[in-house]
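The lines below spell out each chain.
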Amino acid sequence: DDQSLPEPLRPAIALSRLATGAQIMELLQLTETLPLRTLEFRLRELLKGAESIDDNFLKSLRLPVQLIASSDDRILPSVDECRRLRRLLPNAQLSVLEDSGHCPL
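Everything numeric here is computed off the predicted structure, so don't read it as measured data. (Residues numbered from 1 in each chain as written. Predicted model: local features only at pLDDT ≥ 70, side-chain atom pairs only at ≥ 80, totals over all residues. Heavy atoms only, no water.)

(A) Highlighting unusual backbone geometry. A positive phi angle, near 55°, is found at D99, a position not held by glycine. Within the secondary structure, D99 sits in the segment after β2 (92-97). (Helix = DSSP H or I, 4+ residues; strand = E, 2+ residues; numbered from the N terminus.)

Spelled out as structure tokens, the structure:
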């Protein structure tokens, strides 16, 4: 349980479960363009959102869902996460936008 860890370690441990080593290195490069406090805030929000998702609730949804992921997202593991969601959501379709980054639109 992450709650038993000291506060400074919690985000790092949670992030290690969400991203590969290469993605973490790319994320660290964001400190060159984003203020550290902004990056910290956004990562905490991402982790809070991820912790609040109930897999059983997702499995119960029957509405059609279109999942869109970017093949070259260097901020988040969007393709992996969309594949995970596709396994959970019974009526989900996945589109992977090739050669696109974190903000493809």
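There is more to say after this.
(B) The arrangement of the confidence of the model for the protein in detail. For the protein, the average pLDDT comes to 80, and 73% of its residues sit at 70 or higher. No element of the protein has a lower mean pLDDT than helix α1 (residues 10-18), at 65, and none a higher one than β2, at 94. (pLDDT = per-residue confidence, 0-100.)

(C) A look at the pairing of β2. Judged from the six bridges that link them, strand β1 (residues 65-70) and β2 form a sheet pairing that is parallel. Paired with A69 across the strands is V96, a residue of β2. Handedness of the crossover joining β1 and β2 through helix α5 (residues 78-88) is recorded here as right-handed. (Pairing = 2+ DSSP bridges. Right-handed = clockwise from strand over helix to strand, strands pointing away.)

(D) Spotlight on the pattern of salt bridges. Following the criterion strictly, the structure yields three salt bridges and no others. Among the ionic pairs, K48 bridges to E45, the shortest N-O distance being 2.9 Å. Taken together, the residues span about one helical turn, with K48 and E45 both in helix α3 (residues 36-51) at a distance of three residues. Judged by its relative accessible area of 36%, E45 falls in the partly exposed class. Measuring nitrogen to oxygen at the nearest pair gives 3.3 Å for the salt bridge that ties R84 to D55. Linking R84 in helix α5 with D55 in helix α4 (residues 55-60), this pair joins segments that are 29 residues apart in sequence. (Salt bridge = Lys/Arg side-chain N within 4 Å of Asp/Glu carboxyl O. Buried < 20%, exposed > 50% of the residue type's maximum accessible area, 1.4 Å probe, protein only.)

(E) Geometry of the nonpolar core. L58, L67, A69, V79, C82, L85, L88, L89 and A92 together form the largest nonpolar core, which totals nine residues. For this core, the secondary-structure elements that each account for two or more residues are β1 and α5. Ranked by residues supplied to this core, first place goes to α5 with four residues. Every residue in contact with L85, bar those within four places of it in the chain, is listed here: L58 and L67. (Core = buried A, V, L, I, M, F, W, Y, C linked by side-chain atoms within 4.5 Å. Contact = heavy atoms within 4.5 Å.)

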